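These are the residues of each chain, in order.
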Amino acid sequence: MVFVQQKFDGWRLLRWAGCLVVGVTLIALGAVLYGLRTAPTVDLEFSAPKAGDSGVKMLFLGTSSMAWTDGKNTWMVDGFFSRQAVSRVAFSRLDVDEQRVLEVAKEAFKRLDVPEVLSGIVVAHSHYDHAIDAPFLVKTFGGMLHGSESTAQIARGQDVLATHVQATGKQGLANFGQFRVELRESAHAPTGFTGGFNASPLHLPAHALSFKEGISYSFLVSHPLLGNRPFALIQPSAGFIPGQNKGITVDTVFLGTGGLGKLDALYMADYWQEMVLNTEAKQVYLIHWDNFTLPLMQQGVPISLQAMPNLVDDFSKSLRELKKLSQRDGVSLHVLNAWDMVEFPRLP
Ligand SMILES: [Zn+2]
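- As annotated in an unreviewed UniProt entry, the protein is MBL fold metallo-hydrolase from Limnobacter thiooxidans.

### Details of the overall build of the protein
Moving on, step 1. A tally of helices and strands in the protein yields eight helices and 16 strands.
Moving on, step 2. For 348 residues, the compact-globule formula gives about 20 Å, and the C-alpha radius of gyration of the protein, at 23 Å, lands near that figure.
Moving on, step 3. Taking the principal axes of the C-alpha coordinates as reference, the protein spans close to 100 × 50 × 40 Å.
Moving on, step 4. Taking all 348 residues of the protein together, the buried fraction comes to 52%.
Moving on, step 5. If you take every contact in the protein between residues at least 6 apart in sequence, the share linking residues at least 24 apart comes to 70%.

### Details of the sheet that holds strand β10 (residues 232-235)
Moving on, step 1. Spatially, the seven strands line up as an open sheet ordered β7-β8-β9-β10-β11-β12-β15, and their pairing is mixed. Unpaired on one side and paired on the other, β7 (171-176) and β15 (332-335) mark the two borders of the sheet. Direction aside, the axes of adjacent strands within the sheet are offset by 20° on average.
Moving on, step 2. With five bridges joining them, strand β11 (residues 252-256) and strand β12 (residues 283-287) adopt parallel strand pairing.

### Some thoughts on the coordination of the zinc ion
Moving on, step 1. Here the zinc ion is held by the protein donor atoms His125 (NE2), His127 (ND1) and His188 (NE2), which lie 2.1 to 2.2 Å from it.
Moving on, step 2. When the donor residues of the zinc ion are listed from N- to C-terminus, their spacing reads H-x1-H-x60-H. Each member of the pair His125 and His127 is classed as buried.

### Digging into the pattern of salt bridges
Side chains that carry opposite charge are capable of pairing whenever their charged atoms lie near each other.
Moving on, step 1. Inspection of every chain in the model, using the stated rule, returns 12 salt bridges.
Moving on, step 2. In this structure, Lys110 and Glu107 form a salt bridge, with 3.5 Å as the shortest nitrogen-oxygen distance. Here Lys110 and its partner Glu107 are both found in helix α3 (residues 98-112), three residues apart, which amounts to about one turn of the helix.
Moving on, step 3. For Lys110, a relative accessible area of 60% translates into the label exposed.

### A closer look at the packing of aromatic side chains
Moving on, step 1. By the definition in use, this model includes 19 aromatic pairs.
Moving on, step 2. One aromatic cluster is present, formed by Trp68, Trp75, Phe176, Phe179, Phe231, Phe254, Tyr285 and Phe344 through successive ring pairs.

### Let's talk about helix α6 (residues 149-157)
Moving on, step 1. Taking burial as the measure, the nine residues of α6 include seven buried ones, the bulk of the element.
Moving on, step 2. Within the sequence span of α6, burial applies to Ser150, Thr151, Ala152, Gln153, Ile154, Ala155 and Gly157.
Moving on, step 3. Tucked into the core, α6 has its buried residues touching α4 (128-131), α5 (134-141), β5 (144-148) and β6 (165-168).
Moving on, step 4. Looking one or two residues past α6, Asp159 carries a phi angle of roughly 60°, positive in sign.

### What to know about the packing of helix α7 (residues 265-277) against helix α8 (residues 315-329)
Moving on, step 1. Their axes nearest at 10 Å, the elements α7 and α8 cross at an angle of 50°. The orientation of α7 relative to α8 falls into the category oblique. Where α7 crosses over α8, the two elements pack in a sense that is right-handed. Here Ala265, Met268, Ala269, Trp272 and Leu277 of α7 come into contact with α8, specifically with Lys317, Ser318, Glu321, Leu322, Leu325, Ser326, Arg328 and Asp329.
Moving on, step 2. A class-by-class count of the residues in the contact of α7 with α8 yields seven nonpolar, two polar and four charged.

Scoring rules and cut-offs
Residues numbered from 1 in each chain as written. Predicted model: local features only at pLDDT ≥ 70, side-chain atom pairs only at ≥ 80, totals over all residues. Heavy atoms only, no water. Helix = DSSP H or I, 4+ residues; strand = E, 2+ residues; numbered from the N terminus. Rg over C-alpha atoms; globule rule 2.2 N^0.38 Å. Buried < 20%, exposed > 50% of the residue type's maximum accessible area, 1.4 Å probe, protein only. Contact = heavy atoms within 4.5 Å. Pairing = 2+ DSSP bridges. Axes fitted to C-alpha atoms, helices over the stretch in contact; angles between N-to-C directions. Donors = N, O, S within 2.8 Å, 3.2 Å for Na, K, Ca; no water. Salt bridge = Lys/Arg side-chain N within 4 Å of Asp/Glu carboxyl O. Phe/Tyr/Trp six-rings, centres within 6.5 Å; stacked < 30°, edge-to-face > 60°. Parallel < 35°, antiparallel > 145°, perpendicular 65-115°, else oblique. Left-handed = near helix turned anticlockwise from the far one by under 90°. Nonpolar A, V, L, I, M, F, W, Y, C, P; charged D, E, K, R; others polar.

Listed below in structure tokens is the structure:
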């Protein structure tokens, strides 16, 4: 009788423990789902500067993807348009969504009013949200793909001709007609997903974590119509090497904020100091703040960006801190939405 009672208690305990584990798992899953679904609404404060008359313009395409043109030559940063859904990123291996990439690229050419031809692409670093689509874009629209050796392995994995890949070390140069783009070693935001190098061709489909960072670059852009020194600095990832911009002055900074909201105010102030104050920039456009698991177009129509989910970033905090800094320093601050165009005025 005693034995039966003990056995009964044992089973009851086991059942309770089982229920507890299932309950805790469900609560944790619910919290993750909630975190992934909730994101701050963003006050998009972009006001297009007076239509520039130089003919040099930039169309923003989410994350740090951009299409630049002067009417003669068109080039891109990253060109990440697949923007696979979060379930695919988490549970499957990724491939280029060719239909989606073509749709966005063609819409971008149309909006820039240029032929569907690329002079090239510069790739910020080798994570998939920067590098996965660039090889396909170069194969489709031409041009030279510039990036680290780690990014070159992604291009090789997609069979880009060796003559269309320019692997760069810590410093490099890309000439697209009259545009001159300097690739300069910078740092990735300290997100915990950094480091590593693709040492052999990366064949698709591949898991998101297979895309190793390689070198993280910032880009310095010059064009003779806008003077004989660089006019814009593009900082795709919210990291920096102290002193990286020594001796550089630019009017405009495109400032990456991905992951910045999870870092402290002191880090943000140091980042601002290096990128904005040290370069004496007058205007700052925030980029890479958006949830890149959502598309840029829906049923053929361009749509707005949404902020990163609270689970992975806190864009409202970044915006609050950066606003304070911009007001303190008299720098104009804008949040770029997808499909916003920045036109640059000719030098007086
Ligand atoms: Zn990255």
